[in-house]
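Topology and contacts: notes
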Amino acid sequence: LNNLAGLLRNQRKCDEAMPLYERAIEIWEKVHGPSHPHVAAGLNNLAALLEIQGEYDEAKPLKERSLQIREQKLGPNHPD
């Protein structure tokens, strides 16, 4: 789902990509918990999609949550 959403995002098919990103995040949260690096990656990808659409205010909290998860799980000095 995440990879297909990425392809659609690159093709600027944002309306098709968004529900795929949301579904991928939902699955990862159920399978791995809400603080897993996969969830962080999905949130970051969804935020990038929103940025393409000019929805910066909606993208910001997703980026912040993604960063929080990454720092919690990978440490503040991890290159991601």
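Residues numbered from 1 in each chain as written. Predicted model: local features only at pLDDT ≥ 70, side-chain atom pairs only at ≥ 80, totals over all residues. Heavy atoms only, no water.

Another aspect to go through is the packing of helix α1 (residues 2–10) against helix α2 (residues 14–32). When two helices pack together, you describe them by how their axes are tilted relative to each other and by the distance separating the axes. In the contact formed by α1 and α2, the axes pass within 8 Å of each other and the chain directions differ by 155°. Between α1 and α2, the angle falls in the class roughly antiparallel. Crossing angle aside, the handedness with which α1 passes α2 is left-handed. Residues N2, L4, A5, G6, L8 and R9 of α1 form the contact with α2, whose own contacting residues are E16, A17, L20, Y21, A24 and W28. (Axes fitted to C-alpha atoms, helices over the stretch in contact; angles between N-to-C directions. Helix = DSSP H or I, 4+ residues; strand = E, 2+ residues; numbered from the N terminus. Parallel < 35°, antiparallel > 145°, perpendicular 65-115°, else oblique. Left-handed = near helix turned anticlockwise from the far one by under 90°. Contact = heavy atoms within 4.5 Å.)

This next bit is on the side chain of N45. Residue placement: N45 occurs in helix α3 (residues 37–52). The buried category is assigned to N45, whose relative accessible area is 18%. Within polar-contact distance, the side chain of N45 engages the side chain of N2 at 3.1 Å. Aside from chain neighbours lying at most four places away, what touches N45 is N2, R9 and Y21. (Buried < 20%, exposed > 50% of the residue type's maximum accessible area, 1.4 Å probe, protein only. Polar contact = N/O pair within 3.5 Å; in protein donor to acceptor, adjacent residues only side chain to side chain.)

One finds A17, Y21, V39, L43, L46, L49 and L62 to be the most contacted residues of the largest nonpolar core, which totals 19 residues. Excluding residues within four positions of it along the chain, L43 makes contact with I25, L62, R65, S66 and I69. (Core = buried A, V, L, I, M, F, W, Y, C linked by side-chain atoms within 4.5 Å.)

This part covers the pattern of salt bridges. Following the criterion strictly, the structure yields 5 salt bridges and no others. With a shortest N-O distance of 3.5 Å, K30 and E26 are connected by a salt bridge. Remark: E26 and K30 occur in helix α2; sequence separation between them is 4 residues, near one turn of the helix. Under the relative-accessibility criterion, K30 is labelled exposed at 66%. Accessibility expressed as a relative area gives 34% for E26, which makes it partly exposed. The partner of R65 in a salt bridge is E29, and the shortest N-O contact between them spans 2.7 Å. (Salt bridge = Lys/Arg side-chain N within 4 Å of Asp/Glu carboxyl O.)

Before going further, it helps to spend a moment on α2. Residues three or four positions apart in an α-helix share a direction because the helix packs 3.6 residues into each turn. When the terminal C-alpha atoms of α2 are compared, their 26 Å separation across 19 residues agrees well with the 27 Å that a helix rising 1.5 Å per residue should span. Directly beyond the C-terminal end of α2, a positive phi value near 95° is found at G33. (Expected span 1.5 Å × (residues − 1).)

With that out of the way, let us pick up the confidence of the model for the protein chain. Mean pLDDT over the protein chain: 95, with 100% of residues reaching 70 or higher. Mean pLDDT across the secondary structure elements of the protein chain bottoms out at helix α4 (residues 56–74), with 95, and peaks at α2, with 97. (pLDDT = per-residue confidence, 0-100.)

Let us look at unusual backbone geometry. Here the phi dihedral of R12 falls at roughly 65°; this positive angle occurs in a residue that is not glycine. Turning to its location among the elements, R12 is positioned in the loop between α1 and α2. By relative accessible area, R12 is classed as exposed at 56%.

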